[in-house]
Amino acid sequence: MKTAVNTVSFTLNGEKKTFSTRPDEKLLDLLRREGYKGTKYGCGQGTCGACTVIMDGRAVYACLLYAMQAEGRKVRTIESMGTHDKPAPIQQELVAAGAVQCGYCIPGIIMSATALMEAEKDITDEVAREYMDGNLCRCTGYEKIWVALRKTIDRAAAEPAKKAPKGGKK
Ligand code: FES
Ligand code: FES
């Protein structure tokens, strides 16, 4: 029996796209098939976070979502983040902290951290640790990843102060 082929349309990294898919195809498989291979397959069961993407502002596991569930949504993958020449702040801090070993978990960690920083203000250690607890790393012991994340959060928090005009009204 032939499996039905459908299309799904959504905004991917800021561009409207339409892809062919099947009702049983997972979003992770569609993304990787279409060349967005920064999003990794780890467990395929919603436990490791390697496949994390941002959908409508929330970090989600692409291995658990059917591709059709992305219809009309805004999806961001690691490919929307910084480049080798112009890394995003979280990428700069991960490198500076020496937080990347095999690197397999890192795209998912970056996407979760990005969703966290875009959604929350005044991010405490407790909030950050809770938010990130769905992203596992088998190599690093987390400490350096944590240092990089905390520095990135603190950098972002300091930015509005840096931009504030001097000598404003009291
Ligand atoms: Fe999706 Fe592990 S591959 S959570
Ligand atoms: Fe290897 Fe995290 S750096 S899994």
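Below you will find a few notes about this structure. (Residues numbered from 1 in each chain as written. Chains lettered and ligands numbered in written order. Predicted model: local features only at pLDDT ≥ 70, side-chain atom pairs only at ≥ 80, totals over all residues. Heavy atoms only, no water.)

### Considerations on the packing of helix H2 (residues 89-96) against helix H3 (residues 106-119)
Quick note on the threshold: As a rule, the C-alpha atoms of each element are fitted with a line to give its axis, helices using only the stretch in contact, and angles between N-to-C directions run from 0 to 180 degrees. Put simply, DSSP marks the helices as runs of H or I at least four residues long and the strands as runs of E at least two long, and each gets a number from the N terminus on. Any angle between 65 and 115 degrees counts as roughly perpendicular, while under 35 counts as roughly parallel, over 145 as roughly antiparallel, and the rest as oblique. Each crossing gets its hand from how the near helix is turned against the far one by less than a right angle, where anticlockwise is left-handed and clockwise is right-handed. By definition, residues are in contact when any of their heavy atoms lie within 4.5 Å. Under this grouping Gly is polar, as are all residues other than the nonpolar Ala, Val, Leu, Ile, Met, Phe, Trp, Tyr, Cys and Pro and the charged Asp, Glu, Lys and Arg.
Orientation of H2 relative to H3, taken along the N-to-C sense of each, is 130°, at an axis distance of 10 Å. By the angle class used here, H2 and H3 are oblique. Here H2 and H3 pass one another in a crossing that is right-handed. Two secondary-structure elements touch here, H2 through Ile 90, Gln 91 and Leu 94 and H3 through Ile 106, Ile 110 and Ala 113. Classifying every residue of the contact of H2 with H3 by side-chain character gives 5 nonpolar, 1 polar and no charged.

### Things to note about H3
Worth spelling out the cut-off: A helix is expected to span 1.5 Å multiplied by its residue count minus one. Between buried and exposed lies partly exposed: a residue is buried under 20% and exposed over 50% of the maximum accessible area for its type, with that area taken using a 1.4 Å probe on protein chains only.
Compared with an ideal rise of 1.5 Å per residue, which puts 14 residues at 20 Å, H3 spans 20 Å between its outermost C-alpha atoms and is within 8% of the ideal. Across the 14 residues that make up H3, a large majority, 11, are buried. Taken as a whole, H3 has its buried residues at Ile 106, Pro 107, Gly 108, Ile 109, Ile 110, Met 111, Ser 112, Ala 113, Thr 114, Ala 115 and Leu 116.

### Looking at unusual backbone geometry
Phi at Asp 122 is positive, roughly 50°, even though this residue is not glycine. Relative to the helices and strands, Asp 122 is located in the loop between H3 and helix H4 (125-131). The backbone of Tyr 142 sits at a positive phi, close to 75°, despite the residue not being glycine. The exposure class of Tyr 142 is partly exposed, given its relative accessible area of 37%.

### Concerning the nonpolar core
The tendency in soluble globular proteins is for nonpolar side chains to be buried side by side. Convention followed: Note on terminology: a nonpolar core comprises buried Ala, Val, Leu, Ile, Met, Phe, Trp, Tyr and Cys residues joined through side-chain atoms within 4.5 Å.
Core analysis: the biggest nonpolar cluster contains 24 residues, and Met 81, Ile 90, Leu 94, Ile 110, Ala 128, Ile 145 and Leu 149 have the highest contact counts within it. A total of 7 residues in this core trace back to one element, the largest contributor, which is H3. Not counting chain neighbours up to four residues away, the residues in contact with Ile 110 comprise Ile 78, Met 81, Ile 90, Gln 91 and Leu 94. Of all hydrophobic cores here, the second largest spans 19 residues; its members include Leu 12, Leu 28, Val 60 and Ala 70.

### Focus: the pattern of salt bridges
Which entries qualify depends on this criterion: Any Lys or Arg side-chain nitrogen located within 4 Å of an Asp or Glu carboxyl oxygen qualifies as a salt bridge.
The tally for this structure, following the rule as stated, stands at 9 salt bridges. A salt bridge links Arg 33 to Glu 34; its shortest N-O distance comes to 3.1 Å. Look at the salt bridges and you will find they share partners, linking Glu 25, Arg 33 and Glu 34 into a network.

### Overview of the packing of aromatic side chains
By convention here, two paired aromatic rings are described through the distance between centres and the angle between planes. In plain terms, the rule: In this scheme Phe, Tyr and Trp rings, the latter by its six-membered ring, pair at centre separations within 6.5 Å, and the angle between planes marks the pair as stacked below 30 degrees, edge-to-face above 60, and tilted otherwise. A ring is considered to have a charge above it if a Lys NZ or an Arg CZ atom is located within 6 Å of its centre and within 35 degrees of its normal.
Under the counting rule described, the total for this entry stands at 1 aromatic pair. Relative to Phe 19, the ring of Phe 10 has its centre 5.5 Å away and its plane inclined at 45°; by these criteria the two rings are tilted. What makes Phe 10 buried here is its relative accessible area of 3%. The class of Phe 19 is buried, set by a relative accessible area of 7%. Over the aromatic face of Tyr 66 sits the side chain of Lys 26, whose NZ or CZ is 5.0 Å from the ring centroid. Here the basic side chain of Arg 129 rests over the ring of Trp 146, its NZ or CZ set 3.8 Å away from the ring centre.

### Here's the deal with the pairing of strand E2 (residues 15-21)
Just so we agree on the cut-off: The rule for pairing is simple: two strands pair if DSSP sees at least two bridges between them.
Two elements, strand E1 (residues 6-12) and E2, share 7 bridges in a ladder whose sense is antiparallel. Its bridge partner being in E2, Phe 10 is matched across the sheet by Lys 17. Hairpin connection of E1 to E2: 2 residues between the antiparallel strands, including Asn 13 at a positive phi of 50°.

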